[in-house]
Amino acid sequence: KQWYQRRVVITAGDQVKKQVCPMVNEEIQSDLNQILATVDLEADIDDNCYIDYSLVQAPFVISDALFVNGKGEIYAKRRPSECPSPKQELPHTVEDGHMVTLWVTEYMLNTAGYAYQQADFLQYNLTSEDIPEKLPIRMTTDFFKYFLPPLYKAYPDKNLSLWINVTKPITFDINTAGVSGKAEGTITWFVLDGDNEIEAFTLDAQLDLCVNISLHLGTKSEIYLDLITVEPYIQLKSSNIGNVSVDALQSFLKLSRSLIVPFINGIVKKGIPLPSFEGIAFSGFDFSLHNGYIQIYTDVKYDPSKMLEDETETYTLFDDSFECKIKLSGLAAVIDDILHF
């Protein structure tokens, strides 16, 4: 009797495995394929660029995790070309406490810098219209006469415009301390004389960037890059008004960092879409920093009826204690510092 009972149990168990497991696997594979088929492999960021999530290899399973490797590369719409920056090798490890692990790599951010450079987006003509009236800054040679005496001497009481041109792709660095970047370019100072623009001098400029990353998670998810602070450096490149010392102007720019940061963030304010799936929403957040990439951990809400509410959760990687953040002065303090200077 005992032998018979044991034989029946074992046989039944084997039959269950042989019949039920393939059915379960087939059902899971079918549902998974249907979900993956809803992914938009290309998504617009703005009028200039888009991101490509096409698969670089077939999805595969290691241990208890399914890995889906997409390109995650950003391209200029007008002149799409491959970013020459090196790509990072990613580990096949996941966080046990969460259902989904997303990798944001240094290469992905660098493709953004490269694409927007290709799109000629990283250029700006700064005029008096860009300066809020409440600021004690005027785009005139009279305002800058203490910072740039040769400019005022050559062109007294004239209006100015600045042509800001990022000449190289903005590059980013991700490590265990945070996210940083570097932008290089030129700033050409023009004097406005009636309908004429007179080129006075040109500066080489570099901005060292301290970058925060924010995420909007939900049925549609996006990643945002926000400047925390900048460290500006300038030197004279060429001049049509003789020798120009930029030491005072360098000090002025350092005092104005609290104005530069929101100005740049206002220009670069579009989020990068993350892959989205019908009937699935990301929820919850944690992260870890590594050399070359960020691992973002989240969970999913799944409703096959696709009736999930379009709610968004907002998270940010770094708070006020982030070590690369330089404490920026408030607007009133900046105005006082500039006037005092």
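For the structure, check the block above.
Residues numbered from 1 in each chain as written. Predicted model: local features only at pLDDT ≥ 70, side-chain atom pairs only at ≥ 80, totals over all residues. Heavy atoms only, no water.

### A closer look at the pairing of strand β11 (residues 196-218)
Two faces, one strand: in a regular strand the side chains alternate between the faces of the sheet.
For step 1, the next point in the chain: One ladder, built from 15 bridges, connects strand β10 (residues 178-193) with β11; its direction is antiparallel. When the bridges of β11 are listed, valine 179 appears paired with valine 211.
For step 2, the next point in the chain: Where β10 folds back onto β11 in an antiparallel hairpin, the turn is made up of two residues, including glycine 194, whose phi is positive at roughly 65°.
For step 3, the next point in the chain: Of the pairings in the sheet, the one linking β11 to strand β12 (residues 222-239) comprises 16 bridges and is antiparallel in character. Among the inter-strand pairings, glutamine 206 is bridged to a residue of β12, identified as tyrosine 233.
For step 4, the next point in the chain: With antiparallel pairing between neighbouring strands as the criterion, β11 and β12 make up a hairpin whose turn holds three residues. (Pairing = 2+ DSSP bridges. Helix = DSSP H or I, 4+ residues; strand = E, 2+ residues; numbered from the N terminus.)

### Notes on the sheet that holds strand β2 (residues 49-52)
For step 1, the next point in the chain: The three strands lie next to each other as β1-β2-β5, forming an open sheet whose pairing is antiparallel. The sheet is open, and its two borders are formed by β1 (42-44) and β5 (73-76), each paired with just one other strand. Each neighbouring strand pair of the sheet contributes to a mean axis angle of 30°, computed without reference to strand direction.
For step 2, the next point in the chain: In the packing of helix α2 (residues 106-118) onto the sheet, contacts are made with β2 and β5, and the angle to β5 comes to roughly 0°. (Axes fitted to C-alpha atoms, helices over the stretch in contact; angles between N-to-C directions. Contact = heavy atoms within 4.5 Å.)

### Structural notes on helix α4 (residues 247-255)
For step 1, the next point in the chain: What α4 keeps buried is the set Leu249, Gln250, Phe252 and Leu253. The arc that holds the buried residues of α4, viewed along the axis, is 160°, so those residues lie on one side. (Buried < 20%, exposed > 50% of the residue type's maximum accessible area, 1.4 Å probe, protein only. Arc of directions from axis to C-beta.)

### Section: the side chain of threonine 101
For step 1, the next point in the chain: Considering the arrangement of structural elements, one finds threonine 101 in strand β6 (residues 100-105).
For step 2, the next point in the chain: If we ignore the near neighbours within four places in the chain, the residues touching threonine 101 are Val94, Glu95, Gln295, Ile296 and Tyr297.

### Some words on a nonpolar patch on the surface
For step 1, the next point in the chain: On the surface, Leu55, Val61, Leu66 and Val68 cluster together into a nonpolar patch covering about 330 Å² of accessible area.
For step 2, the next point in the chain: Within the element layout of this structure, valine 68 appears in the loop between β4 (65-67) and β5. (Patch = residues over 30% accessible without salt bridge, like charges linked within 9 Å, V, L, I, M, F, W, Y side chains within 5 Å. Areas by Shrake-Rupley, 256 points an atom, 1.4 Å probe, with all protein chains shown as cover. Salt bridge = Lys/Arg side-chain N within 4 Å of Asp/Glu carboxyl O.)

### Things to note about the sheet that holds strand β14 (residues 280-290)
For step 1, the next point in the chain: Across the sheet, three strands lie side by side as β6-β15-β14; this open sheet has antiparallel pairing. Edge positions in the open sheet fall to β6 and β14, since each of these has one partner strand only. Pairwise comparison of adjacent strand axes, ignoring direction, gives a mean angle of 25° for this sheet.
For step 2, the next point in the chain: Of the pairings in the sheet, the one linking β14 to strand β15 (residues 293-302) comprises nine bridges and is antiparallel in character. Opposite phenylalanine 282, over in β15, you have valine 300 as the bridge partner.
For step 3, the next point in the chain: α2 contacts β6 and β15 of the sheet and is inclined by roughly 50° relative to β6.

### With respect to the pairing of β12
For step 1, the next point in the chain: The pairing of β12 with strand β13 (residues 272-273) spans two bridges and is classified as antiparallel. The residue of β13 that forms the bridge with isoleucine 223 is isoleucine 272.

### Digging into unusual backbone geometry
For step 1, the next point in the chain: Its identity as a non-glycine residue notwithstanding, aspartate 120 has a phi of 60°, on the positive side.
For step 2, the next point in the chain: Tracing the sequence through the fold places aspartate 120 in the loop between α2 and β7 (123-126).
For step 3, the next point in the chain: The class of aspartate 120 is partly exposed, set by a relative accessible area of 37%.
For step 4, the next point in the chain: In the Ramachandran plot, aspartate 157 falls in the positive-phi region, its phi being about 55° despite a non-glycine side chain.
For step 5, the next point in the chain: Considering the arrangement of structural elements, one finds aspartate 157 in the loop between α3 (149-154) and β8 (159-166).

### A look at the packing of aromatic side chains
For step 1, the next point in the chain: Applying the stated criterion to the full structure yields 13 aromatic pairs.
For step 2, the next point in the chain: Considering the side-chain rings of phenylalanine 285 and phenylalanine 287, the 5.9 Å spacing of their centres and the 25° angle between planes classify their relative orientation as stacked.
For step 3, the next point in the chain: Taking relative accessible area as the criterion, phenylalanine 285 reaches 19% and is therefore assigned buried.
For step 4, the next point in the chain: Looking at phenylalanine 287, the relative accessible area reads 23%, which means it is partly exposed.
For step 5, the next point in the chain: Taken together, Phe143, Phe144, Phe147, Trp189, Phe201 and Phe252 form an aromatic cluster joined through their ring pairs. (Phe/Tyr/Trp six-rings, centres within 6.5 Å; stacked < 30°, edge-to-face > 60°.)

### Examining the environment of tyrosine 124
For step 1, the next point in the chain: Among the structural elements, tyrosine 124 can be located in strand β7.
For step 2, the next point in the chain: In sequence terms tyrosine 124 and isoleucine 164 are 40 residues apart; their C-alpha atoms lie 5.1 Å from each other.
For step 3, the next point in the chain: Beyond its immediate stretch of four places on either side in the chain, tyrosine 124 contacts Asp130, Leu162, Trp163, Ile164, Phe263 and Ile267.
For step 4, the next point in the chain: A distance of 2.7 Å separates a polar atom in the side chain of tyrosine 124 from a polar atom in the side chain of aspartate 130. (Polar contact = N/O pair within 3.5 Å; in protein donor to acceptor, adjacent residues only side chain to side chain.)

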